[in-house]
Every structure is written in C-alpha cells, then in structure tokens.
Amino acid sequence: MYRYRPLSRILWQRPLPSFNRRFISTQTSKAPHQDQSLPPGWEDEAPSLTDFTELPHKDFGKNQLVHTNEEFKRSLRGILRQFPPITYAFAYGSGVFSQSAATATRSTQSPHPNPPEAVLNWQKGGGKMIDFVLTSKFSQHFHSLNLREHRDHYSFLGSLGSGVVSHVQEAYGAGAYFNPYVIVNGTMIKYAVVNFDTLLRDLTNWDTLYFAGRLHKPCKILFEEPNIRVANQRNLISAVRCSLLLLPPTFTEKELYSTITGLSYQGDPRMQYGSENPKKIDNIVTNQIQNFRYLYHDLIMSLPNIQYTDVQQTAKSGWMEDTNLDLKITQDMDPERRANMVRRLPKSFREKVYFLYQRKFGIPGREYKAMLEASKDEDDKGSVRKQVGGAFDKRIAAEKDLPQMVTKAINQTVKWPSTVQSLKGLLTGGPQRSWRYLQEKREKAKTK
C-alpha cells in the first residue's frame, strides 16, 4: 500500500537490511510518451515508505540506476562492506564515470596500491581516486563505530571523539564530513558521511544543492532506500524545470544537460579560484551523454511543456546509445506554464527566488508574508496542496530577467555552504591531505 503523509510529519523508518537487491537494471530506449512509471500526481504526494513495494510504480525511479559492469559494481560494494551499517550510498565522479575521452584511454600511474582487477579494467589501466557518499541515520553512532575500525581515516579531530566529529559534520557547511586519500580493499577512495535527514532535505528543498547537485549527474547508486529514491526523483525533475527557466525556447540535449550539470557549480569557490577544470561541465556531458539520457529522458517526456523537435528520431531503437546525436528540444514559453514551473521549484530554493522579486517589486513585508503563507506546500490540515502557479508566480514568469534571478538564487544557495565545506576540509582531512587534494585539482585544471 502506498501511504501518503505530509513531509513535515514523515517518521523515517529503520534502515532496510544491508545490500538489498535494489541495484542495477538495464535500461532500454523509450518511445516518446509519458512513462508509466511516473503516474500522474506523484509529485503532489509526500510518501513515507517502509519498502520498495510501496513505490507508486514497480519501475519508479529506476532511471536513477545508471549501469556499470557487474565486476566493478561488486568491487564498489565490497568497499562499502568495510564500513559500519549505512542507509544509502553512491559513488560518483571521474573515478566512476569517465569525464574525458583522454582519460578513458590514457595509461597513468594508478593511485591504488593493490586494487581489484575490476577497478583497473573499468578505469582503463589508469586510475583515479573513487568518491563515495555514505548516508547514516545517526552520524555520531556511525563515526563511533568507524573510529574503532578506521582511526587512520580521520584527521586529529578523530582523537576528540565521535561527538566532536559529528558536530563538525552537521553544524558547518553542507553537512558532510570528508575523509580523503583513504585505502580500502587496496583502492584509494574519498568518502563523505552525511546524515539521512540532511540528504533528504537537500534533495527535497535544495537547502544547499551540495548533495542534490551531485545526484543531478550520473552516479552509481550502491545501496538504496525507498524514501530517498522518491526524493531524488523530485530532485531530478526539479533540475529539469530549473534549467528550463534558464534556457531559450529552443535548445539541444547537450545544452539542457550542461545547464543541469552546471546548477551546483554556480557560486562554487572551486570553480571561481581555479581548483576545478573550467571545461569540467562540457567534459562530463560530452562523455556521459548516454547516461544523461537514461537519467532524464522519461522525466522530460513526462512534462507537458517540453518536447523533442524530431520525435521520429526518439522512436528509433537504440537512439540513446548514439553519442553523435544532439537532438533539438523546444519548450512552451507561455507564462502560465512557466509559473507552474516556478511554483514547483524546491521549497527553500523557490523562497529565494520569491524574495528576490519581493525586493524588485517593492512588496511590503506583511503582504509578502501572507503571500508565502498562501503558497505553502501544505494546507491547514497538513495535507499536501497541488502545486499550481498563483498570481505571484505568474507575475514572476512574465519577467524578462527570470533567468538572471534564478541564477542569482542558485549562487545564494551554493556559495556559502560550498565555501564553508571547502574550508572545513582543512579540519576533516587535515592540512597535509587537504593541500594535496587542492594541488591535484589545480594540476588537473591546468592540463585539461
């Protein structure tokens, strides 16, 4: 049974048994239609799920399960087994999905001292540190157990105990605690620990876009949780809507996916101060176009205001695997449709957009507060309201500077948490490892 409760009243259940069988499915091309795994109205509910059988459709969210080969997947899962119990986990970045044709074929010295053969084969004889995000219901308990087994993963903060470690994780930046340059199963990894509720809020509300932005791009989900699958589906369709507000009436697939990829890089200090490759976004999209299609195609087809110009091409078998294609897409610029997109932006992010226009329009504080109250996601009885653009949303949608205002809201969302998170790395990673990480990032930025 699929039960609905308001987001504010969800009581999160205990984690499912470790490493259930909710992993890879092989996606196939879809003809242009509204995908049946996205039932009408699914966004207007707030489910609290205890099992994957309670999803609104048996295939709901399977677009998130991006494919890798079985041997590499088993190697990644083998790494996770060395940690205390977790609720949700994914691997991401260039160590999992190549971000340039050069690194896919180039032979480089591997950072892994004694990795499984599957890791070397997947990384094409070269080697890159593999990034993970590990999600726990209770961060302090996770760190307490992890410190017993892996004290060497932590900086000097580990000597102060799990209470200090979890406080530093949750009180500053985006709520992540990173341990970089760690060797597990002969493989060099970097892993972030995040609290379950922090991840859920970011996916649902875009509090910081720190984790939501990572999941906008192809990631290898290794350990699932049903509520996070639903929240991430909201996150992905929100990324499409936000990008549409930034794009012109006609654009290409690559322009859409580049805009989505770039959302979480807006305001990121690493992009501004030369510690990230300036071509990073283009590299990710160009070399992962097939995975972006698997991730977003059904969501695109579920929206009423966007369509491919060449629907015959998308009806052909195997078109998603054709990396030479860059199909054109059109969107309806009608203010009413765009108002609905504004209204359906994640709550925290939408309020930033509203506030920018409150200042522009000079709306008095009392009137603005009443307007926010009327646009709440829940009614007085705690039921979820259908998110339809109101008068204020329509006024915003008609403004020519909407793309600039949305961009400003993205910067406001990303800049401070990312900056603090980067500075926090000096404590969590330790000065030596943090400096090594920064230097390697700068070197990659210079050579690509």
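The name an unreviewed UniProt entry gives the protein is Phosphatidate cytidylyltransferase, mitochondrial, with Dothidotthia symphoricarpi CBS 119687 as the organism. Regarding the protein, the UniProt comment filed under Cofactor (unreviewed entry) reads as follows: "Mg(2+)".

Student: I would appreciate a short explanation of the overall build of the protein in the present structure.
Tutor: In terms of helices and strands, the protein carries 19 helices and eight strands. Out of the 448 residues in the protein, the part that is buried amounts to 56%. As displayed, the protein offers around 19500 Å² of accessible surface, 51% of which is attributable to carbon and sulfur atoms.

Student: Got a minute to help me understand the pattern of salt bridges in this structure?
Tutor: Pairing between side chains of opposite charge can happen when their charged atoms approach one another. By the definition in use, this model includes 13 salt bridges. The partner of Glu-224 in a salt bridge is Arg-229, and the shortest N-O contact between them spans 2.7 Å. Here the two residues Glu-224 and Arg-229 agree in accessibility, since each one is buried. Overlapping salt bridges bring together Glu-43, Arg-241 and Arg-344 as one network.

Student: Even after reading the chapter, I still don't get the confidence of the model for the protein, so can you show me in this structure?
Tutor: Atomic detail in the predicted coordinates should be set aside for any region of low pLDDT. Looking at the protein, pLDDT values average 86 and 83% of them are 70 or higher. Segment residues 1–34 is flagged for pLDDT under 50; beyond a separation of four residues in sequence, or across chains, it makes 100 contacts in the model. Across residues 103–107 the pLDDT falls below 50, and counting only partners more than four positions away or on other chains, this stretch makes eight contacts in the model.

Student: Just to check I follow, could you spell out the environment of Ser-258 for this structure?
Tutor: Here Ser-258 shows up in helix 9 (residues 253–262). Expressed as a C-alpha distance, the spacing of Ser-258 and Lys-217, which sit 41 residues apart in the sequence, is 9.9 Å. At 2.7 Å, the side chain of Ser-258 forms a polar contact with the backbone oxygen of Lys-254.

Student: Sorry, what's going on with the sheet that holds strand 1 (residues 88–92) here?
Tutor: Whenever strands of a sheet pair, they do so through backbone hydrogen bonds, lying parallel or antiparallel. Taking strand neighbours across the sheet as the criterion, the five strands line up as 3-4-2-1-5 in an open arrangement whose pairing is mixed. Of all the strands in the sheet, just strand 3 (176–184) and strand 5 (220–223) have a single pairing partner and so form its edges. Recorded for the sheet is a direction-independent mean angle of 25 degrees between the axes of neighbouring strands. As paired strands, strand 1 and strand 5 are joined by three bridges and run antiparallel to one another. Counted as the bridge partner of Ala-89 is Phe-223 from strand 5.

Student: Sorry, what's going on with the nonpolar core here?
Tutor: One recurring pattern in soluble globular proteins: nonpolar side chains tend to sit buried together. Grouped together as the largest cluster of nonpolar side chains are 82 residues, with contacts concentrated most on Tyr-257, Tyr-296 and Phe-349. At 10 residues, helix 8 (residues 226–246) tops the list of elements feeding residues into this core. In this structure, this core is formed jointly by two domains, domain 1 (52–333 + 414–446) and domain 2 (335–377 + 385–410), each of which donates at least three residues. If sequence neighbours within four positions are ignored, Phe-349 has contacts with Asn-205, Trp-206, Cys-242, Val-406, Ala-409, Ile-410 and Thr-413. If you look at the next biggest cluster of nonpolar residues, it comprises 29 residues, including Ile-79, Ala-89, Val-182 and Ile-189.

Student: Just checking my understanding: could you explain the packing of aromatic side chains for this structure?
Tutor: We describe a pair of aromatic rings using the distance from one ring centre to the other and the angle between the two ring planes. Taken as a whole and assessed by the stated rule, the structure comprises 17 aromatic pairs. Judged by centre distance (5.3 Å) and plane angle (25 degrees), the rings of Tyr-257 and Phe-292 are stacked. On the criterion of sequence distance, the pair formed by Tyr-257 in helix 9 and Phe-292 in helix 12 (residues 289–302) is long-range, its members being 35 residues apart. Side by side, Tyr-257 and Phe-292 carry an identical accessibility label, which is buried. The ring of Tyr-210 has Arg-214 lying over it, and the distance from NZ or CZ to the ring centre is 4.1 Å. Seen from the ring of Phe-361, Arg-395 lies directly overhead, with NZ or CZ sitting 3.6 Å from the centre.

Student: How do you make sense of unusual backbone geometry when you look at a structure like this?
Tutor: Despite not being glycine, Tyr-181 has its phi angle at roughly 55 degrees, a positive value. Mapped onto the elements of the fold, Tyr-181 is located in strand 3. We classify Tyr-181 as buried; its relative accessible area is 9%. Of note in the backbone geometry, Leu-209 takes a positive phi value of approximately 65 degrees without being a glycine. When you line up the elements, Leu-209 lands in the loop between helix 6 (196–205) and helix 7 (210–214).

Student: Can you walk me through helix 15 (residues 347–361) in this structure?
Tutor: An ideal rise of 1.5 Å per residue puts 21 Å on 15 residues; helix 15 measures up with 21 Å between its terminal C-alpha atoms. Those residues of helix 15 that sit buried are Ser-348, Phe-349, Arg-350, Val-353, Tyr-354, Leu-356, Tyr-357, Gln-358 and Phe-361. On its buried face, helix 15 is in contact with helix 6, helix 8, helix 14 (335–343), helix 16 (365–374), helix 17 (391–397) and helix 18 (402–428).

Student: Mind showing me how you'd approach the sheet that holds strand 6 (residues 250–252) here?
Tutor: Sheet architecture is open: three strands sit in the order 6-8-7, paired in antiparallel fashion. The strands lining the two open edges of the sheet, one partner per strand, are strand 6 and strand 7 (306–308). Pairwise comparison of adjacent strand axes, ignoring direction, gives a mean angle of 30 degrees for this sheet. Pairing analysis gives three bridges linking strand 7 to strand 8 (residues 328–331), with the strands arranged antiparallel. Across the sheet, Tyr-308 pairs through a bridge with Ile-329, a residue of strand 8.

Student: What exactly am I supposed to notice about the pairing of strand 8 here?
Tutor: The side chains of a regular strand alternate between both faces of the sheet. Burial of strand 8 is one-sided: the residues Ile-329 and Gln-331 facing one way are buried, the residues Lys-328 and Thr-330 facing the other way are not. Here three bridges tie strand 6 to strand 8, and the two strands are oriented antiparallel to one another. Residue pairing for strand 8: Phe-251 is matched across the bridge by Ile-329.

Thresholds applied
Residues numbered from 1 in each chain as written. Predicted model: local features only at pLDDT ≥ 70, side-chain atom pairs only at ≥ 80, totals over all residues. Heavy atoms only, no water. UniProt positions renumbered as here; feature names shortened; annotations may be inferred. Helix = DSSP H or I, 4+ residues; strand = E, 2+ residues; numbered from the N terminus. Buried < 20%, exposed > 50% of the residue type's maximum accessible area, 1.4 Å probe, protein only. Areas by Shrake-Rupley, 256 points an atom, 1.4 Å probe, with all protein chains shown as cover. Salt bridge = Lys/Arg side-chain N within 4 Å of Asp/Glu carboxyl O. pLDDT = per-residue confidence, 0-100. Contact = heavy atoms within 4.5 Å. Polar contact = N/O pair within 3.5 Å; in protein donor to acceptor, adjacent residues only side chain to side chain. Pairing = 2+ DSSP bridges. Axes fitted to C-alpha atoms, helices over the stretch in contact; angles between N-to-C directions. Core = buried A, V, L, I, M, F, W, Y, C linked by side-chain atoms within 4.5 Å. Domains from an automatic or database assignment. Phe/Tyr/Trp six-rings, centres within 6.5 Å; stacked < 30°, edge-to-face > 60°. Lys NZ or Arg CZ within 6 Å of the ring centre and 35° of its normal. Expected span 1.5 Å × (residues − 1).

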